[in-house]
Amino acid sequence: MKMHETFIKPMHPEGRRFVAIFAGVALVLFLLWEPLGWIGVGLTVWCYYFFRDPERVTPTRPGLIVSPADGIVSLIEPAVPPPELGLPDTPLTRVSVFMSVFNCHVNRAPVAGRVTKVAYRPGKFLNASLDKASADNERNGIVIEMADGRVLPVVQIAGLVARRIVCFTGEGHEIARGARFGLIRFGSRLDVYLPEGVAPLVRVGQTMVAGETVIAETGT
């Protein structure tokens, strides 16, 4: 790996418009007062960094469930998946990964399989680290059916600053483990509902890397 590749990461296309806006504002600020312009440059660099989309090396061993997001495990608890996903009213172990505005926000599929459901629900914009954010905030959920017939729901949840959930997949699509499936702007949370009988291999407070960190193992 070259030295510049350590610091300069590819940017997701979703970020181009925002970086252009930030850069335009920085230019105007330079015309008004140079110190303000440099603040604008700093914010433009941050915006580029926010939309970074680095390559990830996803583990290939069968049965692994990987993190869908960069961030910190904020909650691990039993919970019923959102009703709009049409799943049984049975509590499953929910692992929540909270993303700050400094994390990479490209979301990746925890498992390989077929997307059987995509469901968006408008809502509030509470702090995504709060437990009630799973029920009250704007969200978009997908259900992935694995090769063994079991399903794994993943829910994108908007946060206090986030105002836009983007989903790149659709019902009927085949998706690979670690593949990009969405993005949230600008600070948010991902909930993964583990299949019944599957225990998490992570703890609250642990740092996650999307597409790489193993959350659990299905045993198949």
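Residues numbered from 1 in each chain as written. Predicted model: local features only at pLDDT ≥ 70, side-chain atom pairs only at ≥ 80, totals over all residues. Heavy atoms only, no water.

Draft legend 1. Region of interest: the packing of helix H2 (residues 16-32) against helix H3 (residues 34-50). The N-to-C vectors of H2 and H3 enclose an angle of 170°; their axes lie 7 Å apart at closest approach. The orientation of H2 with respect to H3, classified from their angle, is roughly antiparallel. Judged by residue contacts, Phe18, Val19, Phe22, Ala23, Ala26, Leu29 and Phe30 of H2 engage Glu34, Leu36, Gly37, Trp38, Gly40, Val41, Leu43, Thr44, Trp46, Cys47 and Tyr48 from H3. In terms of residue class, the contact of H2 with H3 is built from 14 nonpolar, three polar and one charged. (Axes fitted to C-alpha atoms, helices over the stretch in contact; angles between N-to-C directions. Helix = DSSP H or I, 4+ residues; strand = E, 2+ residues; numbered from the N terminus. Parallel < 35°, antiparallel > 145°, perpendicular 65-115°, else oblique. Contact = heavy atoms within 4.5 Å. Nonpolar A, V, L, I, M, F, W, Y, C, P; charged D, E, K, R; others polar.)

Draft legend 2. Quick peek at the pairing of strand S5 (residues 113-121). With two bridges joining them, S5 and strand S9 (residues 174-175) adopt antiparallel strand pairing. In the sheet register, Gly113 faces S9, and the bridge partner there is Ile175. Alignment of S5 against strand S6 (residues 139-145), held across seven bridges, turns out to be antiparallel. Residue pairing in the sheet places Arg114 in a bridge with Glu145 of S6. (Pairing = 2+ DSSP bridges.)

Draft legend 3. Focus on a nonpolar patch on the surface. Taken together, the side chains of Val28, Leu32, Trp33, Leu36, Ile39 and Leu43 present a nonpolar region at the surface, about 610 Å² in accessible area. Those elements that place two or more of their residues in the nonpolar patch are H2 and H3. A total of three residues in the nonpolar patch trace back to one element, the largest contributor, which is H3. Here Leu43 shows up in helix H3. (Patch = residues over 30% accessible without salt bridge, like charges linked within 9 Å, V, L, I, M, F, W, Y side chains within 5 Å. Areas by Shrake-Rupley, 256 points an atom, 1.4 Å probe, with all protein chains shown as cover. Salt bridge = Lys/Arg side-chain N within 4 Å of Asp/Glu carboxyl O.)

Draft legend 4. Local environment of the environment of Ala176. By the element assignment, Ala176 lies in the loop between S9 and strand S10 (180-185). Residue Ala176 is classed as partly exposed on the basis of its relative accessible area, which comes to 44%. (Buried < 20%, exposed > 50% of the residue type's maximum accessible area, 1.4 Å probe, protein only.)

Draft legend 5. Local environment of the sheet that holds S5. Taking strand neighbours across the sheet as the criterion, the eight strands line up as S9-S5-S6-S7-S11-S3-S2-S12 in an open arrangement whose pairing is antiparallel. Across the chains shown, the open sheet's two edge strands, defined by having one partner strand only, are S9 and strand S12 (207-208).

Draft legend 6. Focus on the nonpolar core. Grouped together as the largest cluster of nonpolar side chains are 27 residues, with contacts concentrated most on Ile65, Val154, Leu190, Leu194 and Ile215. Looking at this core, the elements that each hand over two or more residues are strand S3 (92-99), S6, strand S7 (151-158), S10, strand S11 (188-193) and strand S13 (214-217). Sequence-distant contacts of Leu194, defined by excluding residues within four places in its chain, comprise Ile65, Leu92, Thr93, Val95, Ala199, Pro200, Ile215 and Ala216. (Core = buried A, V, L, I, M, F, W, Y, C linked by side-chain atoms within 4.5 Å.)

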